[in-house]
Amino acid sequence: MPQIFQNFINGKWTDSKSGRTFENRNPANWNDVVGIFPKSTKEDVEDAVSAARAAFEKWRLVPAPARGDIMRKVGDLLVKNKEELAREMTREMGKVLAETRGDVQEGIDTAYYAATEGRRLFGHTVPSEMPDKFAMAVRVPVGVAGIITPWNFPMEIPTWGIFPAVLAGNTVVFKPASDTPKTATTLVDIMMQAGIPEGVVNLVHGGGGEVGNAIVNNPDVDLILFTGSTGVGKQITRDASSTLKRVSLELGGKNAQIVMDDADLDLALEGVLWGAFGTTGQRCTATSRLILHEKIYDTFLDMLVDRTKKLKLGNGLLPGSDVGPCVNEGQRNVVASYVEIGKNEKANLVCGGKIASDGELSKGWFYEPTIFENVKPEMRIAQEEIFGPVLSVIRTSSLSQSIDILNGTIYGLSSSIYTRDVNSAFKAIRDIKAGITYINVPTIGAEAHLPFGGVKQTGNGHREGGWAVYDFFTEWKSVYIDYSGKLQRAQIDNYE
Ligand code: NAP
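Reading the values: the criteria
- Residues numbered from 1 in each chain as written.
- Predicted model: local features only at pLDDT ≥ 70, side-chain atom pairs only at ≥ 80, totals over all residues.
- Heavy atoms only, no water.
- Helix = DSSP H or I, 4+ residues; strand = E, 2+ residues; numbered from the N terminus.
- Buried < 20%, exposed > 50% of the residue type's maximum accessible area, 1.4 Å probe, protein only.
- 1 Å grid on protein atoms, 1.4 Å probe; cavity = no way out; pocket = protein on both sides within 12 Å on 5 of 7 lines; lining within 4 Å.
- Points joined across faces, edges and corners; volume = space filled by probe spheres on them.
- Nonpolar A, V, L, I, M, F, W, Y, C, P; charged D, E, K, R; others polar.
- Phe/Tyr/Trp six-rings, centres within 6.5 Å; stacked < 30°, edge-to-face > 60°.
- Lys NZ or Arg CZ within 6 Å of the ring centre and 35° of its normal.

A. Broad picture of the environment of Ala54. Note that Ala54 resides in helix H1 (residues 42-59). For Ala54, a relative accessible area of 54% puts it in the exposed group. The spatial distance from the C-alpha of Ala54 to the C-alpha of Thr299 is 63 Å, given a sequence separation of 245 residues.

B. Focus on the layout of surface pockets. Here the largest pocket is characterised by a volume of approximately 700 Å³. Sorting the residues of the lining of the largest pocket by element identifies helix H7 (208-217), strand S10 (223-227), helix H8 (230-240) and helix H11 (329-344) as the ones contributing at least two each. The element contributing the most residues to the lining of the largest pocket is H7, with five residues. The residue makeup of the lining of the largest pocket, split by class, is 15 nonpolar, 15 polar and five charged.

C. Seen up close, the packing of aromatic side chains. This structure, assessed with the given rule, holds eight aromatic pairs. Each ring, one from Trp151 and one from Phe387, has its centre 5.6 Å from the other, and the planes form 75°; the classification is edge-to-face. Here Trp151, found in the loop between strand S7 (144-148) and helix H5 (156-167), pairs with Phe387, found in the loop between helix H12 (380-383) and strand S16 (390-396); they are 236 residues apart in sequence, far enough to count as distant. The residues Trp151 and Phe387 share a single accessibility class, namely buried. Here a set of aromatic residues connected by ring pairs shows up, and it is made of Phe5, Phe22 and Phe37. Sitting over the face of the ring of Tyr113, Arg120 holds its NZ or CZ atom 5.5 Å from the ring centroid. For Arg395, the ring lying beneath its charged end belongs to Tyr297, and the centroid distance is 3.9 Å.

Shown next as structure tokens:
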């Protein structure tokens, strides 16, 4: 019998009022049911928001260092449970074990960062223009935060939202992706074990259209932190505007790696293999375009195709698997349809291009790592996010042309250039339009203590990660303290 899971509202595990449920299955073996989860409704969201609203009035008064102490315990529990969590996550969403271990580690890093931020949350003191007057700006929590997350980093992305939200004194209503509800449940359970008081973190499972939409439209939710597709991000922006909520969006990408003719080709090869096919290409920062200098184009392409053909597809829990399945059937269908689009656009398919169904692979949603070459920058496979193991290779003849091609999409999340020329590297840092630029590093590999996010249609200017996310989760309050004992009129008395 599959295990049955519940929502977590006001400190209690509880079923959805709807009584409805949904199944979650292992993408590497569709016969394996991970669990049964509540298919929640607007009513469940309202209960969670009420609990979060009530808890906020107490939680905001807990000193930030004490909130940080709880975050440290959360980090310790994640360390203790790292291996078990990673295995659970691979079973739930398919990426290989080394990667889910990394995903948990990012959650650990984020917890410990939050713990120390409890003793910072710096404000500003500035001189007043008046005598005998003190001026400062302090950070205050905002209120109830709705956190809506995707499935591809089922631990890291929720922790990037929930930990800073809570550390800063906000309370949370968390809606995880329907493909990764189990990891979310374990994370919330760990937070409770660490001592997060009731109502501070509430978990509501269910579909984006119903639960996510109800969170975004609830007038008592002050903040929305959303990570997911650009289409849903635009919808959320429209919906949230009716109550003027603050919204942070981390959306899609069409990231590129440039390889110049002076690059260390072996290093660049390792980079693109990891960037394009790690997490089965299902990362917002995945390398989806490879921009190759014409002088090394043929040599590098041969090296790349040779190594890609040797990548071993398989269940991420088994040693030796390099690439896991797509997360579900729908996502695999999207990949297959883009391969058809690429063929119709007359790009040259040099590797993969098929559903993988040999032996055990037939039980899951596997797709062969795929490479198109002779791709033109304007083709759909070079412009649209595919979110799967498909790489488009584009020929270029100069640094400036490479950067123009890299910049030529609606997205601007991650970017990479391999070169040994320091001048080229610095020009790329200056001219690439992206939230992240890597030099001699693939497009993936963000660290928890730096700002994370993108420009153009990848986001709306906010950043997750590091110190930057605390700007999202706090309001500035300016405070003036006059100890002169008389009315002092700013801008007037001192200029008369
Ligand atoms: P998605 O379909 O946009 O879903 C993301 C989350 O939003 C899920 O929890 C989903 O619920 C929910 N949702 C769906 N429709 C909604 C609505 N109308 N209102 C409110 N919430 C709604 O994205 P995904 O397929 O899970 O993830 C892949 C996308 O995320 C890619 O575009 C990728 O680039 C992007 N991503 C971006 C970043 C970044 O930091 N920039 C990081 C990771 C992923 P259900 O699961 O129930 O549908």
